[in-house]
Amino acid sequence: MPEALPEAGSPSAPGAASPPAPAQGCASPAPSPAPSPVPRYQVRAAHTGATVTVYQAYAPRLGVPAARDGRFPPAWKRERMTWIKPSFLWMMYRCGWATKADQETVLAVEITREGFDRALSRACLSHYVPGVHLDREAWRASLAGSPARVQWDPERDLHLNALPHRSLQLGLSGWASRAYADEWTVSIRDVTPLAREIHALVRAGDTGAARALLPAETPYPAGPLPHLGA
């Protein structure tokens, strides 16, 4: 790729005056290091020393009582697989900013890190990946015996466009689903108003204000996860 020409008036432009030399004995400031790229496979989440926040979206008949009582109601089917998402923006992509049918109530579910880590350690990728699994039969056997499965889907930006790095989706079934609902959950908050406020700012073109409202999601100290390709 040809090197871009300097802008007119910049110190390196033809005919531009040279910048003044630094005063004697004063070192020129070191250039700021370029930001490190986000790893392709990395768990990022809002977390504390004891908890991690994940997101789900439900119809109001389930989501409203769950947020009100701080626990999932009896109508929440504990025998079914449930998918939890540490990424707020991926949840927005999935539920269409809380507009899709039966996904109008977005919940921020704070769960114990102990439970989250336990599920990750016992999870299996939802699809076969050469190099992670010995062969397809080994993957099938692992999947059949696992209470949790993982998908790495493209992370999303404020406009819900796909980014180069991936976001964790963690599916829980069997004992893991029951433990999530009845043991690991610390609190449940209805963040539907937040989702709508951020969406309104994005539609208005005020991405700076929208970004300032996003939950702070930082790399989660899960350690290497070779069985999950990370």
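Rules used in this analysis
Residues numbered from 1 in each chain as written. Predicted model: local features only at pLDDT ≥ 70, side-chain atom pairs only at ≥ 80, totals over all residues. Heavy atoms only, no water. Helix = DSSP H or I, 4+ residues; strand = E, 2+ residues; numbered from the N terminus. Buried < 20%, exposed > 50% of the residue type's maximum accessible area, 1.4 Å probe, protein only. Areas by Shrake-Rupley, 256 points an atom, 1.4 Å probe, with all protein chains shown as cover. Polar contact = N/O pair within 3.5 Å; in protein donor to acceptor, adjacent residues only side chain to side chain. Contact = heavy atoms within 4.5 Å. Pairing = 2+ DSSP bridges. Axes fitted to C-alpha atoms, helices over the stretch in contact; angles between N-to-C directions. Core = buried A, V, L, I, M, F, W, Y, C linked by side-chain atoms within 4.5 Å.

Asks: How should the overall build of the chain be read in this particular structure?
Replies: From N to C terminus, the chain includes seven helices and nine strands. Taking all 230 residues of the chain together, the buried fraction comes to 40%. Total accessible area on the chain stands at roughly 12900 Å², and carbon and sulfur atoms take up 56% of it.

Asks: Would you mind showing me how to read the side chain of Arg-78 here?
Replies: You can see Arg-78 is positioned in the loop between helix 1 (60-69) and strand 3 (82-84). Residue classification places Arg-78 among the buried residues on the basis of a relative accessible area of 15%. Reaching out from Arg-78, the side chain makes a polar contact with the side chain of Asp-182 at a distance of 2.9 Å. Those residues within four positions of Arg-78 in sequence are excluded, and the remaining contacts are Arg-71, Phe-72, Pro-73, Gly-174, Ser-177, Arg-178, Ala-181 and Asp-182.

Asks: In this structure, what is going on with the environment of Trp-152? I would like to understand it.
Replies: Along the chain, the position of Trp-152 falls in strand 6 (residues 148-156). For the pair formed by Trp-152 and Ser-126, sequence separation is 26 residues and the distance between their alpha carbons is 9.2 Å. Filtering out sequence-adjacent residues up to four positions away, Trp-152 remains in contact with Tyr-41, Gln-42, Val-43, Leu-125, Arg-166, Ser-167, Leu-168, Leu-228 and Ala-230. Of note is the side chain of Trp-152, whose polar atom sits 2.9 Å from the backbone oxygen of Leu-228.

Asks: Quick question: what am I supposed to make of the environment of Ala-148 here?
Replies: By secondary structure assignment, the location of Ala-148 is in strand 6. When the C-alpha atoms of Ala-148 and Met-81 are compared, they prove to be 8.6 Å apart, with 67 residues separating the residues in sequence. Ignoring any residue separated from it by four or fewer positions in sequence, one finds Ala-148 in contact with Ala-119, Arg-122, Ala-123, Cys-124, Leu-170, Gly-171 and Leu-172.

Asks: Even after reading the chapter, I still don't get the sheet that holds strand 7 (residues 162-172), so can you show me in this structure?
Replies: Strand-to-strand pairing in sheets goes through backbone hydrogen bonds, with the strands running parallel or antiparallel. A sheet is described by the order of its strands in space; here four strands give the open sequence 3-7-6-5, paired in mixed fashion. Both edges of this open sheet fall to strand 3 and strand 5 (123-125), since each of them pairs with a single strand only. The average angle at which neighbouring strand axes cross in this sheet is 40 degrees, direction not considered. In this sheet, strand 6 lies alongside strand 5 in parallel orientation, the contact comprising three bridges. Residue pairing across strands places Leu-125 opposite Val-150, the latter belonging to strand 6. Here helix 3 (residues 113-121) sits on the sheet in contact with strand 5, strand 6 and strand 7, set at roughly 100 degrees to strand 7.

Asks: Looking at this structure, how should I read the nonpolar core?
Replies: Among soluble globular proteins, nonpolar side chains are generally buried collectively. One finds Phe-72, Phe-116, Leu-170, Leu-172 and Tyr-180 to be the most contacted residues of the largest nonpolar core, which totals 34 residues. When residues of this core are traced back to their parent elements, those giving at least two are strand 2 (51-58), helix 1, strand 4 (105-112), helix 3, strand 5, strand 6, strand 7 and helix 5 (175-184). For Leu-170, the residues in contact, after removing those within four places along its chain, are Thr-82, Trp-83, Ile-84, Phe-116, Ala-119, Leu-120, Ala-123, Ala-148, Arg-149 and Val-150. Among the nonpolar cores identified, the runner-up in size contains 18 residues, and Met-91, Ala-195, Ile-198 and Val-202 belong to it.

Asks: Is there a simple way to think about the sheet that holds strand 2 in this case?
Replies: With antiparallel pairing, three strands are arranged side by side in an open sheet as 2-4-8. Taken across any chain shown, the strands that pair with only one partner, and hence form the sheet edges, are strand 2 and strand 8 (185-190). Neighbour to neighbour, the strand axes of the sheet diverge by 25 degrees on average, direction disregarded. Two elements, strand 4 and strand 8, share five bridges in a ladder whose sense is antiparallel.

Asks: Would you explain the pairing of strand 6 in this entry?
Replies: Two faces, one strand: in a regular strand the side chains alternate between the faces of the sheet. Taken together, the eight bridges between strand 6 and strand 7 define a ladder with antiparallel strand orientation. Across the sheet, Gln-151 pairs through a bridge with Gln-169, a residue of strand 7. Here strand 6 folds back onto strand 7, and the loop between the two strands holds five residues, one of which, Leu-160, carries a positive phi near 65 degrees.

Asks: Looking at this model, I keep getting lost on the environment of Pro-73. Mind explaining?
Replies: Along the chain, the position of Pro-73 falls in the loop between helix 1 and strand 3. Looking at Pro-73, the relative accessible area reads 13%, which means it is buried. For the pair Pro-73 and Arg-61, spaced 12 residues apart in the sequence, the C-alpha separation amounts to 9.8 Å. Sequence-distant contacts of Pro-73, that is, excluding residues within four places in its chain, are made with Leu-62, Pro-65, Ala-66 and Arg-78.

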